[in-house]
Structure formats: C-alpha cells, structure tokens
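# Structure assessment
Below, each chain spelled out in residue letters.
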Amino acid sequence: MCIRDSNYPLWPAIGGTVLVAPSNSYKSFLVPAIAIQTSLGAEILQGNTRLATEPKPVWVLDWEAGSSAFAERLYAILKGAGLPLEPCIHYLHPTQPFVEIADQIGEEARRRGMGGLILDSISAAMGASLNEDEPANLFWDAVERIDTPTLVTAHKNKQDATRGKKGIFGSIMHTNRPRMVWDGYREENSKLVRWECINDNNTGHQGNTLAWRIDITNTGENEHRRLDTVTFTAVNPDDVRQAPDEGKTLTDRIAYCLGENGPLTAGEIALVLGHQKASINTTLNRGPFTKREDTRWELST
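The following refers to the structure shown. (Residues numbered from 1 in each chain as written. Predicted model: local features only at pLDDT ≥ 70, side-chain atom pairs only at ≥ 80, totals over all residues. Heavy atoms only, no water.)

Here we come to the overall build of the chain. Of regular secondary structure, the chain possesses 10 helices and 14 strands. In the chain, which comprises 301 residues, the proportion classed as buried is 48%. A fraction of 65% describes how many contacts in the chain between residues 6 or more apart in sequence connect residues 24 or more apart. Accessible surface for the chain amounts to roughly 14,300 Å². Of this, 46% is attributable to carbon and sulfur atoms. (Helix = DSSP H or I, 4+ residues; strand = E, 2+ residues; numbered from the N terminus. Buried < 20%, exposed > 50% of the residue type's maximum accessible area, 1.4 Å probe, protein only. Contact = heavy atoms within 4.5 Å. Areas by Shrake-Rupley, 256 points an atom, 1.4 Å probe, with all protein chains shown as cover.)

Packing of helix H9 (residues 266-273) against helix H10 (residues 277-286) brings their axes to within 9 Å, and their N-to-C directions diverge by 115°. In this structure, H9 meets H10 at a crossing whose hand is right-handed. Listed contacts from H10 to Ala266, Gly267, Ile269, Ala270 and Leu273 of H9 are Lys277, Ile280, Asn281 and Leu284. Tallied by class, the residues present in the contact of H9 with H10 amount to six nonpolar, two polar and one charged. (Axes fitted to C-alpha atoms, helices over the stretch in contact; angles between N-to-C directions. Left-handed = near helix turned anticlockwise from the far one by under 90°. Nonpolar A, V, L, I, M, F, W, Y, C, P; charged D, E, K, R; others polar.)

Attention shifts here to unusual backbone geometry. For the bond running from Asp120 to Ser121, omega is 0°, close enough to zero to count as cis. Its location among the elements puts Ser121 in the loop between strand S7 (116-120) and helix H4 (122-126). The phi angle at Tyr26 is positive, at roughly 65°, despite the residue not being glycine. Among the structural elements, Tyr26 can be located in the loop between strand S3 (16-21) and helix H1 (27-40).

A separate point is the nonpolar core. One finds Trp212 and Phe232 to be the most contacted residues of the largest nonpolar core, which totals 35 residues. Elements with a contribution of two residues or more to this core: S3, H1, strand S5 (58-62), helix H2 (67-80), strand S9 (180-186), strand S10 (192-200), strand S11 (209-219) and strand S12 (226-234). Beyond its immediate stretch of four places on either side in the chain, Phe232 contacts Phe29, Leu30, Ala33, Ile44, Leu45, Gln46, Ile77, Trp212, Arg213 and Ile214. Counting residues in each nonpolar core, the second largest holds 27 residues, with Leu61, Leu117, Leu119 and Val152 among its members. (Core = buried A, V, L, I, M, F, W, Y, C linked by side-chain atoms within 4.5 Å.)

Attention now moves to the packing of aromatic side chains. In this structure the tally under the stated criterion is five aromatic pairs. Ring geometry for Phe70 against Tyr91: centres 5.2 Å apart, planes inclined by 35°, an arrangement best described as tilted. Linking Phe70 in helix H2 with Tyr91 in strand S6 (residues 90-92), this pair joins segments that are 21 residues apart in sequence. The exposure class assigned to Phe70 is buried, which follows from its relative accessible area of 7%. Ring pairs connect the aromatic residues Trp63, Phe98, Phe139 and Trp140, which therefore count as one cluster. (Phe/Tyr/Trp six-rings, centres within 6.5 Å; stacked < 30°, edge-to-face > 60°.)

Shape is all these values report; function is a separate question.
Here it is, written out as structure tokens:
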C-alpha cells in the first residue's frame, strides 16, 4: 500500500502520528510550523521535509497553551518565513476529553475539508490516566474512527530522556497504536533539535532522523518581551549531541528546568524531571528559588 503524506516524512496522511519529547525540546514551535507548512504548502522546516502535493487546512485542538500563546508562536514563524501575518490555522481550545468530542470533531473536520488535526497534548486530551490500557485504547479508537490524519503531541519526563528511554510515558498502547512515533530531543543550552522515527507501522519511515537549528528573536524588555521571529534550518542529526545528566545536582536541574520553561509549580517540576514532589519541594525551599503568589516557583533574582 502506498502511504501519502500530509507533511513528508513527519506526518503520514493516515491514522495517528505522535511527537514525543521533553518539555524543553522546542516542540511548541514545531507544532505550528508543521501546521503552517501543511496548510499553506510553504516550506517552513527548511531543508529536510517535502511539501504535500495538495495543501489542506489544519485544525489545532489545544488543551494546553491557549489561543494567545499559540498565536504568538504562529505569527513569529510566519514572520520568520516571510509570509503574510494572517490567520491560516483553524484553532480550538477544548474543555472536554477528546473521546467525548471526537465524533463531532471528525464530522466538522470532514465538512470543512480539513487535511488533518493536531492534538496538544495527549495527557490533557485524554482526561484519564496515561498508564492504563483501556483509556489509551479508547483514545486511539477515537483517532482511528474519525478517519482524519491526526498528529498528537506527548511529553516525556526528564528522567526518561536522561536514561535514553524512547517512546511515550504510560501504556504501551500509546506507542503501538499510532501509525508513526517521533522521539525528539534538544541539545542542552543549544538551538539544535533532533527527531527520530522510533515506531513505524507500514509507512516506510522507521529509522529516519531529522534535525534543525531553531533561531528565535524577541522584541521588548522584561514584561513587554515577546517573540518576533522563529526560523528552522536543517542540520546534520549527528551534530546534535545528547549531553549526559550525570553529576548534576537536583538544584542545577531545577534551575535549568525553570530557565527553559518559566515559572512552574513543584508538581510540574517533579513531572518534568521525573523526581518525587517531596524532594523537589525540599530543594526548592533550600535553593536559589522564589515561590510566587500563584504557587509557582521561579529563579531568584
């Protein structure tokens, strides 16, 4: 069977595809870049992807960031590519789990002639435990039932990334059921990101590896600081080095996590780093960190 692609080689135009990576891997930039490239047929991911022969609109279902954060990234990527700063992506911020709205979404996607759906992210979209097979199967049953190419993002905790463990946290069904799974990594303190296809069900892409340098510019200062441009340039995947985490203190790792992600709660830091919340709280209270009124922690100034 010949599998066509929504966005070669990242996104086959059939079934579900997953992008899984730690939170500091620039995944939040890759998602709108893929959406723009698929919708407009414009080359955003320079140098190692091939445009779809027939661009079609993409619908982003974002359970996480909210429309203003997504729009800021979208327009920065459009500006970086020299494209008109006009709305080009359909966007929805759902409040219900995907399985509860999947049939309605699928019907509307077909009515609008959508080329694909992007779900960000699986942990929020499921509204259930990632560890159990039954809710995992219900989620992937819904993805297959709507019969629209669906790209799903997933988080990886820092502990799994450090150990070199690939794939999605939780039930093995999240790795086995999708048509394709891409595992991402960002070189520490670098602009370089690397994505490897680790699971491929009859698409012919397993083992493919892609890498980009992602250049980001900002405007304004302090609270007025905003994204200005984001650009992607292909690089050799072998040039993206995975630095070992051994020898770093938990204080160092928390500081890096907050530097990459901004203010987070102790529970969110524990999830990213793969540590017990109790040890995170102890280190936060002893280290160079400040707890804000909204209970999130940030680096002390």
